[in-house]
Amino acid sequence: MTAPDPAPANRWLAETGGTSGAEYAARFAELEAAGEDVHGEAAAVDALLPRGARVLDAGCGTGRVALELARRGHRVTGVDVDASMLAEARRADPSARWVLGDLLEVGSEDVGAPLDAAVLAGNVLVYLAPGTEAGAVARLAGWLRPGGLLVAGFAADRHVAPADLERWAAAAGLEPVASWGGWAGEPPGGGWSVQVHRRSS
């Protein structure tokens, strides 16, 4: 009797070993200190939402997007599978809601569903375990309230193509709202894809 195939490895953990949180946080701190705008994702999401929206930062990493959305008045939960990244998020704001876990394993009560928005910024889709992407999109869609948004940004040439997300979102009952080539609303078609989908019912 052969052993079952092992579950596919999360690409992020396989690539980083789950130890890059401090380095990642330091890199963005340096960019911000140098005058770079590091809140483009949060600004784009904020513009889509009513005040005080309930938001899930799925694959929140060090909490950069989640913390900025909270600063702008939203109620945010951050979920990540990398403990080293979440340690940096907790260091930045110990009072915020941070959840360590895989998107396919955490429950609706963990993320504060029903949600006004679920955000997948910073290549989260690209780094999921191979073959789990459609399931993760469906799970996020199920946590959205009617009218809630799924907002995802990722490199369009690494593992996941824009058409893949369009297909997964449609299968999860989401309808397309917008498609950009970057978080500042650039025309689609370049090396980056940002897509917004809405749960209709």
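Below: a short report on this structure. (Residues numbered from 1 in each chain as written. Predicted model: local features only at pLDDT ≥ 70, side-chain atom pairs only at ≥ 80, totals over all residues. Heavy atoms only, no water.)

Some remarks on unusual backbone geometry
For clarity, the cut-off: What counts as a helix is a DSSP run of H or I of at least four residues, what counts as a strand is a run of E of at least two, and both are numbered from the N terminus. Relative accessible area decides the class of each residue, using a 1.4 Å probe on protein chains only: under 20% of the type maximum gives buried, over 50% gives exposed, and in between gives partly exposed.
Between Ala113 and Pro114 the backbone carries a cis peptide bond, its omega angle lying at 5°. You will see that Asn123, though not glycine, has its phi angle at about 70°, which is positive. Positionally, Asn123 belongs in the loop between strand S4 (115-120) and helix H7 (124-127). Even without being glycine, His159 reaches a positive phi, approximately 75°. Within the secondary structure, His159 is located in the loop between strand S5 (144-155) and helix H9 (162-171). According to the relative accessible area criterion, His159 is exposed, its value standing at 53%.

Some words on the packing of helix H8 (residues 133-143) against H9
Where we set the bar: Each axis is a line fitted through C-alpha atoms, and for a helix only the stretch in contact is used; angles between axes span 0 to 180 degrees, taken between their N-to-C directions. An angle below 35 degrees is treated as roughly parallel, one above 145 as roughly antiparallel, one from 65 to 115 as roughly perpendicular, and anything else as oblique. With the far helix as reference, a near helix turned anticlockwise by less than a right angle produces a left-handed crossing, and one turned clockwise produces a right-handed crossing. Residue contacts are counted whenever heavy atoms from the two residues lie within 4.5 Å of one another. Put simply, Ala, Val, Leu, Ile, Met, Phe, Trp, Tyr, Cys and Pro go in the nonpolar bin, Asp, Glu, Lys and Arg in the charged bin, and everything else, Gly too, in the polar bin.
Where H8 contacts H9, the axes come no closer than 9 Å and their chain directions differ by 45°. Considering their axes alone, H8 and H9 lie oblique with respect to each other. Along this stretch, H8 crosses H9, giving a crossing that reads as right-handed. Contact residues: H8 offers Glu133, Ala134 and Val137, while H9 offers Leu165, Trp168 and Ala169. Of the residues in the contact of H8 with H9, the class split is five nonpolar, no polar and one charged.

These figures come from the coordinates and say nothing about function on their own.
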